[in-house]
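What follows is the residue order along each chain.
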Amino acid sequence: VTDSEIKIDGKIYKKDQWTNVSPTTLSRVNRKLHLHPQHPISIIRQLIESHFHDFKTFHDISPIVTTQQNFDDLLIAKDHVTRNRSDNYYLNESTMLRAHTSAHQLQGMRSGASKFLISGDVFRRDEIDASHYPVFHQMEGVVYFDHDPVKTAEQVNADIQMGRLKEAENVKVVDDTIIKPENPMQDRHTPETLEAVASHLKYSINSMVRKLFADEPDLEVRWIDAYFPFTSPSWEVEIKYKGEWLEVLGCGVVRQELMDQAGLHDKIGHAFGLGLERLAMVLFGIPDIRLFWSQDERFIQQFTPGQIQKFQPFSKFPPCIKDISFWLPNKSWEENDFCELVRDVAGDLVENVELIDDFTHPKSDKRSLCYRILYRSMDR
Ligand code: PHE
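Residues numbered from 1 in each chain as written. Predicted model: local features only at pLDDT ≥ 70, side-chain atom pairs only at ≥ 80, totals over all residues. Heavy atoms only, no water.

Engineer: For the nonpolar core, give the residues involved together with the corresponding values.
Structural biologist: One finds Ile-48, Phe-213, Phe-272, Leu-279, Ile-286 and Phe-292 to be the most contacted residues of the largest nonpolar core, which totals 68 residues. Sequence-distant contacts of Leu-279, defined by excluding residues within four places in its chain, comprise Ile-44, Ile-48, Leu-212, Phe-213, Ile-239, Val-248 and Leu-274. Among the nonpolar cores identified, the runner-up in size contains 25 residues, and Ala-103, Val-142, Ala-226 and Phe-230 belong to it. (Core = buried A, V, L, I, M, F, W, Y, C linked by side-chain atoms within 4.5 Å. Buried < 20%, exposed > 50% of the residue type's maximum accessible area, 1.4 Å probe, protein only. Contact = heavy atoms within 4.5 Å.)

Engineer: Go over the sheet that holds strand β11 (residues 231-241), please, and point to the residues and values.
Structural biologist: Strand order in this open sheet of eight strands is β3-β7-β8-β13-β12-β11-β10-β9, and the pairing throughout is mixed. Both outer strands of the open sheet, β3 (56-58) and β9 (171-175), are each paired with one neighbouring strand and no more. Each adjacent strand pair in this sheet contributes to an overall mean axis angle of 20°, direction not counted. Here strand β7 (residues 115-123) runs beside strand β8 (residues 135-146); their pairing, made up of nine bridges, is antiparallel. Bridged to Ser-119 within β8 is Met-139. (Pairing = 2+ DSSP bridges. Helix = DSSP H or I, 4+ residues; strand = E, 2+ residues; numbered from the N terminus. Axes fitted to C-alpha atoms, helices over the stretch in contact; angles between N-to-C directions.)

Engineer: Describe helix α2 (residues 40-51), listing the residues and the values that go with them.
Structural biologist: Here α2 is 12 residues long and its end C-alpha atoms lie 17 Å apart, about the 16 Å a rise of 1.5 Å per residue gives. Buried residues dominate α2, accounting for nine of its 12 residues. Turning to α2, its buried residues are Pro-40, Ile-41, Ser-42, Ile-43, Ile-44, Arg-45, Ile-48, Glu-49 and His-51. (Expected span 1.5 Å × (residues − 1).)

Engineer: Could you give an account of empty space enclosed by the protein, with specific residues and numbers?
Structural biologist: The gaps left among the atoms become clear once a water-sized probe is rolled over them. Tallying each qualifying case throughout the model produces one cavity of 30 Å³ or more. Its volume calculated, the largest cavity comes out at about 80 Å³. Around the largest cavity, the lining residues are Ser-22, Thr-24, Thr-25, Arg-28, Tyr-89, Tyr-133, Pro-134, Glu-340, Arg-343, Asp-344, Gly-347 and Asp-348. Among the secondary structure elements, those contributing two or more residues to the lining of the largest cavity are α1 (23-26) and α10 (335-346). Element by element, the count of residues in the lining of the largest cavity is highest for α10, at three residues. Grouping the constituent residues of the lining of the largest cavity by class yields three nonpolar, four polar and five charged. Three or more residues apiece are contributed to the lining of the largest cavity by two domains, here domain 1 (5-300) and domain 2 (320-375). (1 Å grid on protein atoms, 1.4 Å probe; cavity = no way out; pocket = protein on both sides within 12 Å on 5 of 7 lines; lining within 4 Å. Points joined across faces, edges and corners; volume = space filled by probe spheres on them. Nonpolar A, V, L, I, M, F, W, Y, C, P; charged D, E, K, R; others polar. Domains from an automatic or database assignment.)

Put into structure tokens, the structure is as follows:
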């Protein structure tokens, strides 16, 4: 391998002006936390898979995808901001580490299964705090039905009847979303079928959340309107944790253009993408996302396959705070690039990076920023 190439799993990728993956990030590509039976991410994955017991499951699709899979297939416009270099890890102009498991929706739909789940690691350049990490795990679910109001309603009702759970009193779900012009149904759908498919989606998610959180103290869950280029209408689900609303999933009714690409012209489907770390943090009481990557035995030994147990912290170390300030160069400034540099230098010792001062010199017009970096080890 030369300086102008990257080698992963025996394959060589030519670097170009888009390349921005760091060695630290590449080193995480093969950890596959979601496949270690004792790991909380894997425990959650399995609990979700057993809830959706009649779904076909995929959990070992390579995270190296084409930009076609990650964006174009999902109708994400060529100039859409989510393609920015400062938000993604590119191997080169046409190859990247997937930013979401939606990159495999089409593949799943072409597999012939009308209900399936895809779990895997996803990669995003992001800010640094206790709930953001450049690698996390998602689970994608897709279900589709015949586009026929009578048949669809039958299939939907059969599923709802079969899985009917006693309402878990501790989970309060608020959903006041309605179909409206800003979050519209698609022209090719009829209101009856859309209604049936949307209720299947909402039922599937709410019953899963109720099951996962059955033994938790009171939990508030809410549905809000959202936008994704590949679904319409679209929603997000948030869970209240420590007084803050955490986004745990995005979902919606699959855009018919995507169904067409998979050869499913006469079907109508819904899709959802769940963030596993957020759910695991709430369920296992894990205070910091870095812990999932800890190689310390005191982390992994606490967990048992198939069980949700509260995490017992083993590091009582105080944080160490350092401020750093610098003049900005004359070119554009991306905070995510700074965070990536911090991660490369300090690794998992950084817990938080926060902008605390932004100063522009009145005469020279030069701008300076001051960041507060909080260091704390999770295990030593
Ligand atoms: N892929 C979206 C995300 O990562 C979530 C999503 C999945 C939305 C499926 C709609 C349908 O934010």
